[in-house]
Amino acid sequence: MFHQRWLRLLLIVLAVAILPLSVALAQDEAGTLPATSPPPYDVETEPNDTIATADYLNLVFGPLEATIAPARDKDYFYFDGYPGLEAHITLAPATGSPLRPVLVIYSDDGQELTRKTCGVGAVCQMTFPTPDGAFYYLRVTDSKNKGGSAYGYALSVVVGDPNEPNDTIATATPLTMWTEIWGVIAPAGDVDYYSFFAEAGDEFEVETPYMNFWLYGPNGEDLGYLPAPSQPYFKVKETGVHYLKAFFEAGEGPYPFEVRPVERPLLVSFATAGTLGGVAFEPADILLYSPLTEAWQLFFDASDIGLANNVVSFDWAGSLLLTLGTKQTLPGLGVVKPQDILRFVTDSYPSEDTVGVLAFEYKGANIGLTMANETIDALGGTSYAFDLSVSTKGSAVVPGVTGTGNLKAQKDDVVVFAPNLDGQGNHQWYTAINGATLGLKGANLVGLDQRFYLPQGWYMAFDRAVTLGGVTYDPNDVILCWESGDLSCESFETAFDSTLFGGYPIDAIDVMAYEYGVARPPQRSG
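These numbers were taken from a predicted model, which means no experiment stands behind them. (Residues numbered from 1 in each chain as written. Predicted model: local features only at pLDDT ≥ 70, side-chain atom pairs only at ≥ 80, totals over all residues. Heavy atoms only, no water.)

## Considerations on the overall build of the chain
And then number 1: Looking only at helices and strands, one finds two helices and 43 strands in the chain.
And then number 2: Of all 526 residues assigned to the chain, the portion counted as buried reaches 54%.
And then number 3: Nonlocal contacts in the chain, meaning residues at least 24 apart in sequence, comprise 62% of its contacts between residues at least 6 apart.
And then number 4: Surface accessibility of the chain: about 21,900 Å² in total, with carbon and sulfur atoms responsible for 53%. (Helix = DSSP H or I, 4+ residues; strand = E, 2+ residues; numbered from the N terminus. Buried < 20%, exposed > 50% of the residue type's maximum accessible area, 1.4 Å probe, protein only. Contact = heavy atoms within 4.5 Å. Areas by Shrake-Rupley, 256 points an atom, 1.4 Å probe, with all protein chains shown as cover.)

Okay, structure coming up:
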């Protein structure tokens, strides 16, 4: 979808970050060009007297030192264009050069686009918009068709941003969703602000190869860091104009990005059989609900792999982690207990024809889960690759972090299983959410998933009505708890209303990363 020269541009950005800057951005707050060209760094490679043999003008290692020689010589160069930006071209004759430069720009198919003729000894400058982001070619000649060793010059092409100045919230550039946007960070330390309107609850994805962003709310309040290159997602809590600040940790140069609204699909398993949206299911099956299409489909058919008991918890992140409601003997695995965690791996996204490999991920006895009340009934991922968030059916006693003794967890707590947390191969547990601080009064947490996109929180479903933040939520409501940083939540909202589930009691949930536009398979959970 994005421009194919991303890789080259990334190398340019990295080079600028570690080398003294050779080419400054040809702009200031008024958008003016520099009076003189920077010192020469590289030299032309002859022959370059045709488009086919044109020299590349590098954004970092320019300007290029060249000479019109012999008489009637033509020097061709090519440079990158970036959609919506400008090429700022500067030709500075060498001291005493009799060159009368003629600059001609051609499209990548050889069509002349514009030209400029300058006088003897003059710094010749052009600003040229590059709307389609293609390669462009530049020809340099002498207007009198003369040449020789004295006809030297330095040539540079740098990229300018017509959106400047946009260095503050007050001067932010309005952005258009679903549109690739190009900007320029220059000089080093520059920042660019962009504005967009959003309704409370809207979620967005930012796609960029290497750009960092900071998110600000309608009143300029700091809403958090969106680091590259994680293709960050964020959700806004307030209706109004929001702002993205683009910046590099180091270096300067042009950058692309695109912002897209997203919906978050839901995976869910139910305690009983039923039918939703015309899709029949059994208790161990997993259904996928799409908010974009408001349609249900079968995501995981448990009977295809021999599961007969409820799947009471699961987490999807490219493969499926799951636990069973009761003990079952499975071919190749033997006895699987409700404290055990299984992993199902498939070469394709699970569907009505579920095919793959089922194996033990962890046996409960090996991670501190042995008693009947320590069976897992809610399971979710975390922001760390190998950690798992867990809630148990009843009270549990598991190994705490080194030096703290055992950790005691209740059925409304969220505890995190961290394998090898101490680097010594020991499995340890710590508390993420203390249910007592939420005032749940005995409600059992039956559905769980961590939201590790900005802002962070937890998706929860309970077996009965609960009152959180002064609001009463029904059984089967999927509630979004916004983390407060003290084992509790600072606020709550409904992520999926219980009416969506037709009265079938939820056994397990997983809120997936995104969907937007035409069908695109969700990539990871959280």
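## Some thoughts on the side chain of Asn-48
And then number 1: With respect to the element layout, Asn-48 can be found in the loop between β1 (42-43) and β2 (55-56).
And then number 2: A polar contact of 3.1 Å, which involves the side chain of Asn-48, links it to the side chain of Glu-44.
And then number 3: Beyond its immediate stretch of four places on either side in the chain, Asn-48 contacts Thr-53, Asp-55, Lys-74, Asp-75, Tyr-76 and Phe-77. (Polar contact = N/O pair within 3.5 Å; in protein donor to acceptor, adjacent residues only side chain to side chain.)

## Re the state of the cysteines
And then number 1: For the structure shown, the criterion picks out two disulfides.
And then number 2: A sulfur-sulfur separation of 1.8 Å characterises the disulfide bridge that pairs Cys-481 with Cys-489. The chirality of the disulfide connecting Cys-481 with Cys-489 is left-handed, given an S-S dihedral of about -80°. Taken individually, Cys-481 and Cys-489 each receive the classification buried, so the pair is uniform in this respect. (Disulfide = S-S within 2.5 Å.)

## A closer look at the packing of aromatic side chains
And then number 1: In the structure shown here, the tally under the stated rule is 30 aromatic pairs.
And then number 2: With a centroid separation of 4.9 Å and an interplanar angle of 40°, the aromatic rings of Tyr-82 and Trp-182 are classed as tilted. Here the residue Tyr-82 occupies a position in the loop between β4 (75-80) and β5 (85-93), and Trp-182 occupies one in strand β12 (residues 181-185), the gap between them amounting to 100 residues.
And then number 3: Residue classification places Tyr-82 among the buried residues on the basis of a relative accessible area of 1%.
And then number 4: Ring plane angle 25° and centroid distance 6.2 Å describe the contact between Tyr-255 and Phe-257, whose orientation is recorded as stacked.
And then number 5: Phe-257 gets classed as buried once you look at its relative accessible area, which sits at 0%.
And then number 6: Three or more aromatic residues joined by ring pairs make a cluster, and in this case those are Tyr-194, Tyr-210, Phe-213, Phe-248, Tyr-255 and Phe-257.
And then number 7: Seen from the ring of Phe-247, Lys-245 lies directly overhead, with NZ or CZ sitting 5.7 Å from the centre.
And then number 8: In this arrangement the basic side chain of Lys-363 is found over the ring face of Phe-360, its NZ or CZ atom lying 4.7 Å from the centre. (Phe/Tyr/Trp six-rings, centres within 6.5 Å; stacked < 30°, edge-to-face > 60°. Lys NZ or Arg CZ within 6 Å of the ring centre and 35° of its normal.)

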